[in-house]
2 protein chains.
Amino acid sequence: MNTTHAPAPATAAVTDLNQLRVACSSCSLRELCLPAGLDAREMERVDRLVNQRRKLRRGEHLYHAGNPLVALYAVRSGFMKSCVLQEDGREQVAGFHMTGDMLGMDAISSGRHMCDTVALEDSELCEIPYSYLEQLSRELPSLQQQLHRIMSREIVRDYGVMMLLGSMKAEERMAAFLLNLSQRFAARGYSSAEFNLRMTREEIGSYLGLKLETISRVLSRFQQDGWIAVRHKHIRIRKADALHQLLGQR
Amino acid sequence: MNTTHAPAPATAAVTDLNQLRVACSSCSLRELCLPAGLDAREMERVDRLVNQRRKLRRGEHLYHAGNPLVALYAVRSGFMKSCVLQEDGREQVAGFHMTGDMLGMDAISSGRHMCDTVALEDSELCEIPYSYLEQLSRELPSLQQQLHRIMSREIVRDYGVMMLLGSMKAEERMAAFLLNLSQRFAARGYSSAEFNLRMTREEIGSYLGLKLETISRVLSRFQQDGWIAVRHKHIRIRKADALHQLLGQR
DNA sequence: CACCGTATTTGACCTACATCAATACCTTCA
DNA sequence: TGAAGGTATTGATGTAGGTCAAATACGGTG
């Protein structure tokens, strides 16, 4: 990055812009995120809920396992991963998070986070103080509903991962992984056919319960079959059908 | 079972007893279950929330995937399993549930259940109408907190299963499974060292991402090592330390 | 632009678990 | 009480994916 460039043109009105950009009501993600389904009056109150943003550079932690629960977080931009760790040091990626995803719900049960969450690229997060969220969701039924939906969605997602880890073979896991990413990018208005992986082969492997070499081999095989084109972290899906079939069959 | 025995002595006052037994305030599970942390006044209102009990015979479904969300359920007695299924018919056990556990949170996100839940032995469940629960939890902060804690606990539990499926080998999975059961029985006042498995080897295998033969073999090996005594479904843990060590090490 | 550390690919070989198969054992129900 | 069907054990063999190793490619840095 050329540091001699002038700062971004917005500098003159930083405070205002921050104000503006932090508001859920003017956020392009509002239909994906916490305020989904709220009306204008309700949205206004939620705007005040999200009182801060947090910027993370690639590699920085949002929270560590053991940290006390302070807030939940919504990904505004960037890409994150969550890892569970065992006493013996083994670590496993429990999820990848992108724009609009809510983070930190693992901490509600005990008041302490149970996993590490790290930025895989420079990211920005909205910080939602938890006690205030609890309070406001008592006053706004739609917010309460959405919070419950989001937690439940996480439970359902986890069931999917169990299925993947417990009863799929390497190629099926990879197909499921690629299609899931593709579909999530699509839901955010990006191409479903072409995207960049933000994580390493090792991180994919950890998430899928496989070794990095296996990830590499499976990707190569998919490419040879003409189902995808891989170049480093760039993926193009050529035959989504074939990938879907791999899952549906057997 | 000798069917010529007279019915239980309580028959004369069935209605009253049902009333009594359905009340959270007089339920021995209240500290494990939804009303944990409520004071007397709050408990009274929750009593009215749980308006029905449901009895299931072994093998009967509590709900199927696709059923609309009506209520959440608390296990009063018995033993249940939840299974996720794929299009192709493959099914995987996502969890085993015992006394005091809450069920059905998977349905909140979409309004439909995402898994099947089945009784592994004759069981009794408290039915908690969801819309009423939402409403009451807006009025009772402690109830809201407990509901959130329960959902979060489920998320954390799922992380544990991911860890298990994604990065542990057969013996470790089995050790983790046995210790988890043991600890849950202990929390309910039963022996932590001796209990009956309510599920088949195949169901354990499905949960742990292994085949039933592997389950059988690992149990035999543990027995040969003198760590446990197995006879059919009866388990006695002889060296919990050894099992713990198996997990902590590496 | 050259260098270094990290990420990726690919091959050869090995092992943990799956698969297949035979037997034994419970449980249940007539 | 006995027969049938589900459940569990154990052995023999196969294989998907792990492990080890080497070659290559890349991005960041001075």
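One numbering rule holds for all chains: residues counted from 1, following each sequence as written. The order in which chains are written sets their letters, starting at A; the order in which ligands are written sets their numbers, starting at 1. With the structure being a predicted model, the display of local features is reserved for residues of pLDDT at least 70 and the display and counting of side-chain atom pairs for 80 or more, all residues being used for whole-chain, interface and lining totals. To obtain the side-chain values, all non-hydrogen atoms of the structure were used and water was disregarded.

## Looking at the sheet that holds strand β7 (residues 194-196) of chain B
Residue and element names in this part refer to chain B. On the basis of which strands lie adjacent, the open sheet formed by three strands has the order β7-β9-β8 and antiparallel pairing. A strand with exactly one partner marks an edge of an open sheet, and here the two such strands are β7 and β8 (228-231). Neighbour-to-neighbour, the strand axes of this sheet turn through a mean angle of 15°, independent of strand direction. Two residues form a contact once any of their heavy atoms are found within 4.5 Å. Whenever a helix is involved, its axis is fitted only over the stretch in contact; in every case the axis is a line through C-alpha atoms, and angles between N-to-C directions fall within 0 to 180 degrees. Elements are defined by DSSP. Helices are runs of H or I of four residues or more, strands are runs of E of two residues or more, and each kind is numbered from the N terminus. Taken strand by strand, helix α5 (residues 170-187) contacts β7, β8 and β9 (234-237), and its axis lies near 100° from that of β7. For two strands to count as paired, DSSP must find a minimum of two bridges between them.

## Focus on α5 of chain B
Residues and elements named next belong to chain B. In a helix, the anticipated span is given by 1.5 Å times the number of residues less one. Taking 1.5 Å of rise per residue, 18 residues should cover 26 Å, and α5 covers 26 Å from first to last C-alpha, within 8% of that figure. Listed in full, the buried residues belonging to α5 are E172, R173, M174, A175, A176, F177, L178, L179, L181, S182, R184 and F185. Positioned one or two residues after α5, G189 has a phi angle of 90°, which is positive. Only protein chains enter the accessibility calculation, which uses a 1.4 Å probe. A residue is then buried if its area is under 20% of the maximum for its type, exposed if over 50%, and partly exposed in between.

## Remarks on helix α4 (residues 141-167) of chain B
The first and last C-alpha atoms of α4 of chain B sit 39 Å apart over 27 residues, in line with the 39 Å expected at 1.5 Å per residue. The element α4 of chain B is extensively covered by neighbouring structure, given that 21 of its 27 residues are classed as buried.

## Examining the protein's contact with DNA strand C
Distances are taken per atom, and a residue is near a molecule or strand as soon as one of its heavy atoms is within 4 Å of it. Neighbouring DNA strand C are 18 residues; S216 and S220 of chain A together with A170, T214 and R217 of chain B lie closest to it. In DNA strand C, the atoms that sit within 4 Å of the protein are 66% sugar and phosphate, with bases accounting for the remainder. Definition of a polar contact: a pair of N or O atoms within 3.5 Å, with one able to donate and the other able to accept a hydrogen when the atoms are protein atoms, and with sequence-neighbouring residues admitted only if both atoms are side-chain atoms. Measuring from a phosphate oxygen of DNA strand C, one finds a backbone N or O atom of K211 of chain B at 3.3 Å. Within the contact set of DNA strand C, a base nitrogen lies 3.3 Å away from a side-chain nitrogen or oxygen of E213 of chain B. Elements supplying a minimum of two residues to the surface near DNA strand C: α7 (212-224) of chain A together with α7 (212-224) of chain B. If you tally residues by element for the surface near DNA strand C, the top one is α7 of chain A, at five residues.

## A word on the pairing of strand β3 (residues 71-85) of chain B
Residue and element names in this part refer to chain B. In terms of burial, β3 is a largely internal element, 13 of the 15 residues being buried. Pairing between β3 and strand β5 (residues 102-103): two bridges, direction antiparallel. Residue pairing across strands places A74 opposite M102, the latter belonging to β5. What sits between the antiparallel neighbours β3 and strand β4 (residues 91-98) is a turn of five residues, in which G89 has the positive phi angle 95°.

## Side note on the interface of chain B and chain A
Taken residue by residue, the interface counts 48 residues in chain B and 47 residues in chain A. In this assembly, chain B packs against chain A so that about 4,500 Å² is buried in total across both faces, 59% of it on carbon and sulfur atoms. For this document, the term salt bridge refers to a Lys or Arg side-chain nitrogen within 4 Å of an Asp or Glu carboxyl oxygen. In this structure, the connection of chain B to chain A is made through two salt bridges. A salt bridge links R90 of chain B to E172 of chain A; its shortest N-O distance comes to 2.9 Å. Secondary structure elements with two or more residues in the side of chain B that touches chain A: β3, β4, α3 (130-139), α4 and α8 (240-248) of chain B. If you tally residues by element for the side of chain B that touches chain A, the top one is α4 of chain B, at 21 residues. Residues are grouped as follows: Ala, Val, Leu, Ile, Met, Phe, Trp, Tyr, Cys and Pro are nonpolar; Asp, Glu, Lys and Arg are charged; every other residue, Gly included, is polar. The residue inventory of the side of chain B that touches chain A, partitioned by class, reads 21 nonpolar, 13 polar and 14 charged. Accessible area that two parts lose when put together, evaluated with a 1.4 Å probe and summed over both, is termed the buried area.

## Quick look at the pattern of salt bridges
Counted under the stated rule, the structure contains 28 salt bridges over all chains. Residues E44 of chain B and R48 of chain B are paired through a salt bridge, measuring 3.6 Å at the closest nitrogen-oxygen approach. In this pair, E44 of chain B and R48 of chain B are both assigned in helix α2 (residues 40-49), four residues apart and thus about one turn of the helix distant. R48 of chain B gets classed as exposed once you look at its relative accessible area, which sits at 52%. Residue R188 of chain B is joined to D101 of chain B by a salt bridge in which the shortest nitrogen-to-oxygen separation is 2.9 Å. Taken together, the positions of R188 of chain B in the loop between α5 and β7 and D101 of chain B in the loop between β4 and β5 put the pair 87 residues apart, joining distant regions of the chain. An identical accessibility class is assigned to R188 of chain B and D101 of chain B; each is buried. By sharing partners, the salt bridges in this structure join K81, E91 and E203 of chain A into a single network.

## Quick word on the domain arrangement of chain A
How big an interface is tends to be expressed through the accessible area that disappears when the partners come together. All names here are of chain A. What counts as a domain boundary in this text is fixed by an automatic or database domain assignment. Taken domain by domain, chain A holds domain 1 (10-140) and domain 2 (168-246). For domain 1 versus domain 2, the separation of C-alpha centres amounts to 26 Å. Taken together, the contacts link 15 residues of domain 1 with twelve residues of domain 2. Between domain 1 and domain 2 lies a buried interface of about 1,200 Å² when both sides are counted; carbon and sulfur atoms form 60% of it. When the buried surface of domain 1 facing domain 2 is broken down by residue, F79, F96 and M98 rank first, second and third, together holding 45% of it.

## Quick word on the protein's contact with DNA strand D
The immediate surroundings of DNA strand D are formed by 18 residues, with A170 and T214 of chain A together with R201, S216 and S220 of chain B found nearest. One of the side-chain nitrogen or oxygen atoms of R217 of chain B is found 2.9 Å away from a base nitrogen of DNA strand D. If you list the elements that add at least two residues to the surface near DNA strand D, you get α7 of chain A together with α7 of chain B. Within the surface near DNA strand D, the residues separate by chemical class into three nonpolar, six polar and nine charged.

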